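Breakdown of the fold
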Amino acid sequence: MGGMPMTDMPWWRWRLNVRSGLHMLSDVTFQQNVWLAGLPGYGDVTDAVYRLVEDTWLDNWSADKYVGTIFRDAQEAALVDAAVLKVLRILHEVGPDAAVPVYLQHPGWAEAVFAARQAHVALASADGDDPDVPPRTLDALTTLKRAA
């Protein structure tokens, strides 16, 4: 994605998915301009959460299990765990099919965004990427996975 090749991690495609989900969940401007506006190509809140947990099962066990395969160290894993727990708590409270405003207006959303931002910045920085660029589309994510 940027400076440091993500493919140095054994399960780098899963890392790509986790990073993509965290990126979207951590970017309030993106959420306002894309999710609330209903722009196609990025998925919705539930899609972002599924990218975090679908392959990794981080909804069932700690990211610590993936240190050395998806995450570089225990600090990355701890930040991801914190973000996943906060986001999943909201998803379970409002349901996976809620409208975007329901998530964004949830009393715990700002805290979940903050936790996702901390994790996103840590992972992006470790990969040599600028954490402040806008999130990529799902098509761009697919292209990156095929590129290596």
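Here the structure is a predicted model, which means the values were calculated and not measured.

**A word on helix H3 (residues 45–53)**
For H3, a buried count of seven out of nine residues is recorded, marking the element as mostly surrounded by other parts of the structure. Three or more residues of H3 are buried, namely Val 45, Thr 46, Ala 48, Val 49, Arg 51, Leu 52 and Val 53. At the N-terminal end of H3, a side-chain oxygen is found 3.1 Å from the backbone nitrogen of Thr 46, two or three residues along, and the residue is Asp 44.

**A short note on helix H6 (residues 109–126)**
End to end, H6 covers 26 Å across 18 residues, agreeing with the expected 26 Å (1.5 Å per residue, within 8%). All buried positions along H6 are accounted for by Trp 109, Ala 112, Val 113, Ala 115, Ala 116, Ala 119, His 120, Leu 123 and Ala 124. What you see down the axis of H6 is that its buried residues fit within an arc of 165 degrees, all on one side. Opposite its buried face, H6 presents the exposed residues Ala 110 and Phe 114, each directed more than 90 degrees away. At its buried positions, H6 is contacted by helix H1 (12–26), helix H2 (28–35), H3, helix H4 (74–94) and helix H5 (100–104). Positive phi appears at Gly 128, one or two residues downstream of H6, with a value of about 80 degrees.

**Considering the nonpolar core**
As a rule of thumb, soluble globular proteins bury nonpolar side chains together. Counting residues in each nonpolar core, the largest one holds 37 residues, and the members touching the most others are Leu 22, Leu 25, Trp 35, Leu 58, Phe 71, Val 80 and Trp 109. Breaking this core down by element, the ones donating at least two residues are H1, H2, H3, H4, H5 and H6. Element by element, the count of residues in this core is highest for H4, at nine residues. The contact partners of Val 80, leaving out residues within four places of it in the chain, are Val 18, Leu 22, Leu 58, Ala 63, Phe 71, Ala 119 and Leu 123.

**Here's the deal with the environment of Thr 143**
Relative to the helices and strands, Thr 143 resides in helix H7 (residues 138–147). Along the backbone, Thr 143 and Asp 73 are 70 residues apart, and their C-alpha atoms lie at a distance of 27 Å.

**Examining the packing of aromatic side chains**
Under the defined criterion, the tally for this structure stands at seven aromatic pairs. Measuring from ring centre to ring centre gives 6.3 Å for Tyr 103 and Trp 109, while their planes differ by 50 degrees; the resulting arrangement is tilted. In this structure Tyr 103 comes out as buried when scored by relative accessible area, which is 1%. Here the aromatic residues Trp 11, Trp 14 and Tyr 66 are joined through ring pairs into a cluster of three or more.

**Re the side chain of Thr 56**
Counting through the fold element by element, Thr 56 comes out in the loop between H3 and H4. Residue Thr 56 is classed as buried on the basis of its relative accessible area, which comes to 1%. There is a polar contact of 2.5 Å between the side chain of Thr 56 and the backbone oxygen of Leu 52. Setting aside anything within four residues of it in sequence, one finds Thr 56 in contact with Trp 14, Val 18, Trp 61, Tyr 66 and Ile 70.

Conventions used here
Residues numbered from 1 in each chain as written. Predicted model: local features only at pLDDT ≥ 70, side-chain atom pairs only at ≥ 80, totals over all residues. Heavy atoms only, no water. Buried < 20%, exposed > 50% of the residue type's maximum accessible area, 1.4 Å probe, protein only. Helix = DSSP H or I, 4+ residues; strand = E, 2+ residues; numbered from the N terminus. Polar contact = N/O pair within 3.5 Å; in protein donor to acceptor, adjacent residues only side chain to side chain. Expected span 1.5 Å × (residues − 1). Arc of directions from axis to C-beta. Contact = heavy atoms within 4.5 Å. Core = buried A, V, L, I, M, F, W, Y, C linked by side-chain atoms within 4.5 Å. Phe/Tyr/Trp six-rings, centres within 6.5 Å; stacked < 30°, edge-to-face > 60°.

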